[in-house]
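Structural description and commentary
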Amino acid sequence: MSELLNLLTIPFLLAMFLAINMGGSGTAPTFSAAYGADVIKRTMIPGLFGIMVLAGALIAGKEVSLTLGTGLLEQSFFTPINTSAILLSIGLSLLIANLIGVPQSTSQASVLSIAGAATALDGLNTTKLFYEIIPTWVILPIISFLIILVVHKWIFPLLKDKVFTTDYSHLKEHKVLKALLILSSLYVAFSIGANNVANAAAPIASLTANEIGIDTLQNFQPIIILSVLIVAPCLAIGSSLLGHKVTQKTGKEIVEVSPFYATVIAVIVASLLLFASLSKGIPTSLVQLNAAGFIALSVSKNGFKNTFANKTVKRFFTVWAVAPIFAFILTYALITLLN
């Protein structure tokens, strides 16, 4: 038992380090709308985020955990050394993105880190990666962008004239709208739990199952619950330590967002993410779905040219391209050297 704990200590600490960085990155798409609209206090965000992430992971996170735990790389390859290399690479790529202040996709960094390890170990499931996961990454942000662009151009104006006023400066008087905005943020956090907690929990769950000699597919639930209970609170810690900077950039530096628009964006994005989680267990980029919504609003208001000339938008696309590739190369190099 003591030897097992020694083997698992470093991977679990790295998973917790990763979860802290996930909390910093995941806070932005969750609460940037509510924070940008000034309906929630900054100090309340980490606690609410942690509670809903835990609920989402426990209730709806199993399929994504199976994808990351066994779908790309067989369980037998999740040794302490390999798992540590994977988690370290993901954590470093996200830490760099958080320090820059750009919300980065944990899912893409995780998938490509595992893919880097699988490539080095000659065990990559290319069908799952190239025919299911990557197409989802391309299609869902486009769907998010198009839905929100259409809704903003043609549906919002009708609703605004008939139902909503244009003055949101006294939101405390709009109690229903304020409640909807907060509930939508909680719904997004739940979706993050369903999809993204597996990025940290699944590798250590597969490692644990591998070390104690059981079949993950048949005895997965107790192990993933234990892993989630260790990992999820660290997301709240990361939200508190690192979340404010990326929330500021997404909520207030791409486009001015009214509370009504922000609520609709949050619900659409969370629904797309939850669909990816429950349908085929695809690890999906919430931050990109969310940013696609904000970019759609900016395009509708300011045009394509002005939107894509925005320094924050340019920085987002640059980090999104570099960070997952960095995770792949770093993991591939570490696994090659260590094995």
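Residues numbered from 1 in each chain as written. Predicted model: local features only at pLDDT ≥ 70, side-chain atom pairs only at ≥ 80, totals over all residues. Heavy atoms only, no water.

Per an unreviewed UniProt entry, the chain carries the name Inorganic phosphate transporter and comes from Arenibacter arenosicollis. The UniProt entry for the chain carries the following text under Subcellular location (unreviewed entry): "Membrane". (UniProt positions renumbered as here; feature names shortened; annotations may be inferred.)

As for helix α5 (residues 106-120)
Side chains that are three or four residues apart share a direction in an α-helix, a result of its 3.6 residues per turn. Under the 1.5 Å per step criterion, the end-to-end length of α5 is 21 Å for 15 residues, consistent within 8% with the ideal 21 Å. Among the 15 residues of α5, 13 are classified as buried, and the element is accordingly described as predominantly covered. The first or second residue beyond α5 is Asp-122, which carries a positive phi of 60°. (Helix = DSSP H or I, 4+ residues; strand = E, 2+ residues; numbered from the N terminus. Expected span 1.5 Å × (residues − 1). Buried < 20%, exposed > 50% of the residue type's maximum accessible area, 1.4 Å probe, protein only.)

Topic: the nonpolar core
Burial of nonpolar side chains together is a common tendency in soluble globular proteins. By size, the foremost hydrophobic cluster in this structure holds 86 residues, and its most contacted members are Leu-68, Val-197, Val-231 and Leu-235. Residues contacting Leu-235, with those up to four places away along its chain left out, are Ala-19, Met-22, Gly-23, Phe-49, Val-53 and Val-197. (Core = buried A, V, L, I, M, F, W, Y, C linked by side-chain atoms within 4.5 Å. Contact = heavy atoms within 4.5 Å.)

Some thoughts on the packing of helix α11 (residues 286-308) against helix α12 (residues 311-338)
A pair of packed helices can be characterised by two numbers: the angle between their axes and the separation between those axes. Across the interface, α11 lies against α12 with an axial gap of 11 Å and an inter-helix angle of 140°. One element, α11, and the other, α12, form an angle in the oblique class. The interaxial crossing formed by α11 with α12 has left-handed handedness. In this structure, α11 uses Val-287, Gln-288, Ala-291, Ile-295, Thr-307 and Phe-308 to contact α12, whose residues at the interface are Val-313, Lys-314, Phe-316, Phe-317 and Trp-320. Residues of the contact of α11 with α12, tallied by class, amount to eight nonpolar, two polar and one charged. (Axes fitted to C-alpha atoms, helices over the stretch in contact; angles between N-to-C directions. Parallel < 35°, antiparallel > 145°, perpendicular 65-115°, else oblique. Left-handed = near helix turned anticlockwise from the far one by under 90°. Nonpolar A, V, L, I, M, F, W, Y, C, P; charged D, E, K, R; others polar.)

Brief notes about unusual backbone geometry
The backbone phi angle of Asp-122 is positive, close to 60°, even though this residue is not glycine. With respect to the secondary-structure elements, Asp-122 resides in the loop between α5 and α6 (126-162). Classification of Asp-122 as exposed rests on a relative accessible area of 74%.

Brief notes about a nonpolar patch on the surface
On the surface, Val-138, Ile-139, Ile-142, Ile-143, Leu-146 and Ile-147 cluster together into a nonpolar patch covering about 490 Å² of accessible area. Within the secondary structure, Leu-146 sits in helix α6. Under the relative-accessibility criterion, Leu-146 is labelled partly exposed at 46%. (Patch = residues over 30% accessible without salt bridge, like charges linked within 9 Å, V, L, I, M, F, W, Y side chains within 5 Å. Areas by Shrake-Rupley, 256 points an atom, 1.4 Å probe, with all protein chains shown as cover. Salt bridge = Lys/Arg side-chain N within 4 Å of Asp/Glu carboxyl O.)

Structural notes on the layout of surface pockets
A water-sized probe rolled over the atoms picks out the places where empty space is left. Quantified by volume, the largest pocket comes out at close to 370 Å³. Lining the largest pocket are 14 residues, and of these Trp-137, Pro-141, Gln-288, Phe-317 and Trp-320 lie nearest its centre. The element best represented in the lining of the largest pocket is α6, accounting for six residues. Looking at the lining of the largest pocket, its residues break down into 12 nonpolar, two polar and no charged. (1 Å grid on protein atoms, 1.4 Å probe; cavity = no way out; pocket = protein on both sides within 12 Å on 5 of 7 lines; lining within 4 Å. Points joined across faces, edges and corners; volume = space filled by probe spheres on them.)

Focus: the packing of helix α3 (residues 62-71) against helix α8 (residues 198-212)
Relative to each other, α3 and α8 sit at 50°, their axes nearing to 8 Å. As far as their axial angle goes, α8 and α3 are oblique. The crossing of α3 and α8 is right-handed. Taking contact as the criterion, the partners of Val-64, Ser-65, Leu-68, Gly-69 and Thr-70 in α3 are, on α8, Ala-198, Asn-199, Ala-202 and Ser-206. A per-class count over the contact of α3 with α8 returns four nonpolar, five polar and no charged.

Quick look at the UniProt feature "transmembrane region" (unreviewed entry) in the chain
Sequence positions flagged by UniProt for "transmembrane region" (unreviewed entry) are, in local numbering, residues 46-65, 77-100, 134-155, 176-194, 223-242, 254-276, 282-304 and 316-338. Secondary structure content for residues 46-65 is 95% helix and 0% strand, and the end C-alpha separation is 23 Å. When the span residues 176-194 is considered, its composition is 100% helix and 0% strand, and the gap between its end C-alpha atoms is 27 Å.

Focus: α11
Compared with the 33 Å implied by 1.5 Å per residue over 23 residues, the 20 Å span of α11 between its first and last C-alpha is markedly short. For α11, the principal kink sits at Asn-302 and spans about 120°. A side-chain oxygen of the first residue of α11 lies 3.1 Å from the backbone nitrogen of Gln-288; this N-cap is Ser-285. (Bend = angle between axes of the 7 residues up to and from the residue. Polar contact = N/O pair within 3.5 Å; in protein donor to acceptor, adjacent residues only side chain to side chain.)

Structural notes on the confidence of the model for the chain
Confidence along the chain averages 82 in pLDDT terms, with 83% of residues attaining 70 or more. Within the chain, the element-level pLDDT minimum falls on helix α9 (residues 220-252), averaging 72, and the maximum on α5, averaging 93. (pLDDT = per-residue confidence, 0-100.)

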